[in-house]
Amino acid sequence: MHTSSEGYKTGAAAYVGGRPSYPPEALDWLRDIVGVRPGRKVLELGAGTGKFMPLLRQCGGTLVAVEPIDAMREQFTSDFPEIQALAGSAEAIPLPDASVDAVVCAQAFHWFATAAALQEIRRILAPGGVLGLIWNGRDETVPWVAELSAITDKWEGNTPRYMTGEWRRAFPAPGFAFIDERHARNAHVGTAEQVILKRTLSVSFIAALPQQKQAEVEKQVRALIARTPELSNRGEISFPYETSMFAYRRI
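Remember, predicted model here, so these are calculated numbers, not experimental data. One numbering rule holds for all chains: residues counted from 1, following each sequence as written. pLDDT decides what is reported in this predicted model: residues at 70 or higher carry local features, side-chain atom pairs at 80 or more are listed and counted, and totals for whole chains, interfaces and linings draw on all residues regardless. Water and hydrogen atoms play no part in the side-chain values, which are based on all heavy atoms of the structure.

A.B. asks: Please provide a residue-by-residue account of the packing of aromatic side chains, values included.
C.D. replies: Here the aromatic set is Phe, Tyr and Trp, taking the six-membered ring for Trp, and pairing holds for ring centres within 6.5 Å; pairs whose planes are under 30 degrees apart are stacked, those over 60 apart are edge-to-face, and all others are tilted. Applying the stated criterion to the full structure yields 15 aromatic pairs. With a centroid separation of 4.7 Å and 40 degrees between ring planes, the pair formed by Trp135 and Trp167 is classed as tilted. You can see Trp135 sitting in strand S5 (residues 125-138) and its partner Trp167 sitting in the loop between helix H7 (143-153) and strand S6 (176-190), a full 32 residues away along the chain. Note on Trp135: relative accessible area 1%, which makes it buried. The class for Trp167 is buried, based on a relative accessible area of 2%. Ring centres of Trp167 and Phe171 lie 6.4 Å apart, and the angle between their planes is 80 degrees; this geometry places the pair in the edge-to-face category. On the basis of relative accessible area, Phe171 is assigned to the buried category, the value being 14%. Taken together, Phe109, Phe112, Trp135, Tyr162, Trp167, Phe171, Phe178, Phe246 and Tyr248 form an aromatic cluster joined through their ring pairs. Each helix corresponds to a stretch of at least 4 residues labelled H or I by DSSP, and each strand to a stretch of at least 2 residues labelled E; elements are numbered beginning at the N terminus. For the exposure calls, accessible area comes from a 1.4 Å probe over protein chains only, and a residue counts as buried if that area is under 20% of its type's maximum, exposed if over 50%, partly exposed in between.

A.B. asks: Lay out the UniProt feature "domain: Methyltransferase type" (unreviewed entry) in the chain with the relevant residues and their values.
C.D. replies: The sites that UniProt annotates as "domain: Methyltransferase type" (unreviewed entry) are residues 43-131. As a span, residues 43-131 carries 30% helix and 28% strand, and end to end its C-alpha atoms are 10 Å apart. UniProt positions are given in the numbering used here, feature names are shortened, and annotations may be inferred rather than shown by experiment.

Here's what the structure looks like:
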């Protein structure tokens, strides 16, 4: 396991509160492209605490989750006791061959974008099944968002991240055909404390820092909020994101 993922072990509660949800377009994508609907079996791989699970439940179907980090899986089970949550990884999924109709990775695929993981995903997908990848990426065209990234990015080291685009190197992949890419605007609305500070402290490589370094990051983020009128002078703010969705069919 990458050292930065250690931050998730102690940051599960902060992860839930600090992360944005997903726009309505994500539901359309799940139903129309990924094929999540009643009568289908769907795996969420790298399910974390279950932030994406409410959307999958809205679509229907038989749902199962796989999550390797105990603290995340325990939070998931607490919030979604009716959904089976299994210990496992992308390279070792504890499900039989061709047993699911779709695999969805929300905010997760960049952690395991390898040929081995893709072949394991292909193994459990039924013929014609779909792999769906979805991320919320912060909109750094907004000046204060770019400033926030400047504060946090210096701590990332070699942590896998969606924004680098490194995950794309896993494709094209044997046994998969690209079928769809789409993007939608999204926003996380709440207090600056919740949607900026908690979100920042829930980032894996920030949560993994020693307490003194975390306090330094927190101080810098609070200073950014204080000097930015659109953040400091409101009870509620909107953190802008772009939601990106990709789909591949098992062939």
